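# Tertiary structure, described
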2 protein chains.
Amino acid sequence: MSELQNILNHAEHRCRVHGSRLTEKRKKVLSGLLQSDRALSAYELVDYCNENYDENFAAMSVYRILEFLEQEQLVHKLKLSNRFVACVHIACEHPHQIPQFVVCTDCRKVKEFSISRSTMNSIKRQVEESSFHLVSEQIEFNCLCDSCAV
Amino acid sequence: MSELQNILNHAEHRCRVHGSRLTEKRKKVLSGLLQSDRALSAYELVDYCNENYDENFAAMSVYRILEFLEQEQLVHKLKLSNRFVACVHIACEHPHQIPQFVVCTDCRKVKEFSISRSTMNSIKRQVEESSFHLVSEQIEFNCLCDSCAV
DNA sequence: AAATGTTATGTTACACAATATCATATTGTC
DNA sequence: GACAATATGATATTGTGTAACATAACATTT
């Protein structure tokens, strides 16, 4: 079984457990993201689906599907660039963490990673000192990847 | 002299030093931001200017003006929300730092602050460990302000 | 199987964000 | 004043995202 198939199976199982359905269209959108190492915009996914499958994907549908996949934590939305990436932990068993991302502003390559708990706590403390309260620990860093940095 | 006037004078002086000009329109857009404690979108600024000044501000112009003000570091663009805020350091003498922001996702209030050097270094190190290189230290945190947190 | 409620998708229209392009006006320098 | 450089006007176009309503697919009960 291919790695992609394996991940899709995990995803499907997770949805079933939650009482939701990973339909064919949703599966195809998710596949598109899984096969890309870069973050894709909704409209890029529309194009991807229309090119690779003999079906019509309306932009509206893709937006809805992405919203669904996000709720199921199968996909994350990068808020700095309004693009989407598949979660790297779909086939893992361990509980899901709050995602942090490094994003190459040049080639758009994305890596999901985690800032250490202690650094995160320092950040949190300094934010609180400004009389604000952190709502989400998702942080996105504008970076260059190794290849683009040369 | 009003505090606003004082800041505008500093801004004008800074432009002159850079060989650029803080025109009347630019001054008005900047004033709009200086008088708001919330981040404003380009189109909100268009409305603000058209309501408060007896002149016509086209969206196109406001975008160009914002771009200019950003270059002069008089204004920062919040990339998470595509909104703009006046820099808090216009009238300061000390060299300008890379801005970090806490943004209330509810009322859009914004505060410019600075993460400590040591925390920033930790972040930087952890990013490098993922084979990426930080391009910008500007970070925006999704927060709730004290008033909205209740 | 028929009826019903729920979820998923189709379709169209629209609002908002941002940029491209070319024309015109204003300013600074010689 | 003539010229170059900069700033603004005006219009069109592209991209992103959502609202609203219609239809289709599925699940459950009877």
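Residues numbered from 1 in each chain as written. Chains lettered and ligands numbered in written order. Predicted model: local features only at pLDDT ≥ 70, side-chain atom pairs only at ≥ 80, totals over all residues. Heavy atoms only, no water.

## Focus: the protein's contact with DNA strand D
This is how it is decided: Here a residue is considered near a molecule or strand provided that any single heavy atom belonging to it is located within 4 Å of it. As used in this structure description, the phrase polar contact means that two N or O atoms lie within 3.5 Å; if the pair is within protein, one of them must be able to donate a hydrogen and the other to accept it, and residues adjacent in sequence are counted only when both atoms belong to side chains. Under the DSSP-based scheme used, a helix requires at least four consecutive residues in state H or I and a strand at least two consecutive residues in state E, with every element numbered from the N terminus. Each residue is assigned to one class: nonpolar for Ala, Val, Leu, Ile, Met, Phe, Trp, Tyr, Cys and Pro, charged for Asp, Glu, Lys and Arg, and polar for all the others, Gly among them.
Taken together, the neighbourhood of DNA strand D is formed by 14 residues, with Tyr63 of chain A together with Thr23, Lys25, Arg26 and Arg64 of chain B sitting nearest. Each atom of DNA strand D within 4 Å of the protein was assigned to sugar, phosphate or base; sugar and phosphate come to 60%. One nitrogen or oxygen atom from the side chain of Tyr63 of chain A is found 2.7 Å from a phosphate oxygen belonging to DNA strand D. In the model, a phosphate oxygen of DNA strand D is placed 2.6 Å from a nitrogen or oxygen of the Lys25 of chain B side chain. Taken together, the elements giving at least two residues each to the surface near DNA strand D come down to α4 (59-71) of chain A together with α2 (24-34) and α4 (59-71) of chain B. When grouped by side-chain class, the residues that make up the surface near DNA strand D number 4 nonpolar, 4 polar and 6 charged.

## Comments concerning the pattern of salt bridges
Put simply, the test is: The salt bridge definition used is simple: a Lys or Arg side-chain nitrogen within 4 Å of an Asp or Glu carboxyl oxygen. Residue burial is assigned from relative accessible area. The probe radius is 1.4 Å, only protein chains are included, and a residue is buried under 20% of its type maximum, exposed over 50%, and partly exposed in between.
One pass over the full model with this rule turns up 14 salt bridges over all chains. Across the pair Glu44 of chain A and Arg83 of chain A runs a salt bridge whose closest N-O atoms are separated by 3.1 Å. Remark: Arg83 of chain A occurs in strand β2 (residues 83-86) and Glu44 of chain A occurs in helix α3 (residues 42-52); sequence separation between them is 39 residues. Given a relative accessible area of 28%, Glu44 of chain A falls into the partly exposed group. Overall, Arg83 of chain A belongs to the buried group, its relative accessible area being 13%. A salt bridge links Lys28 of chain B to Glu55 of chain B, with the nearest nitrogen and oxygen atoms 2.4 Å apart. Of this pair, Lys28 of chain B sits in helix α2 while Glu55 of chain B sits in the loop between α3 (42-52) and α4, placing them 27 residues apart in sequence. A residue is classified by how much of its surface remains accessible, and Lys28 of chain B, at 17% relative accessible area, is buried.

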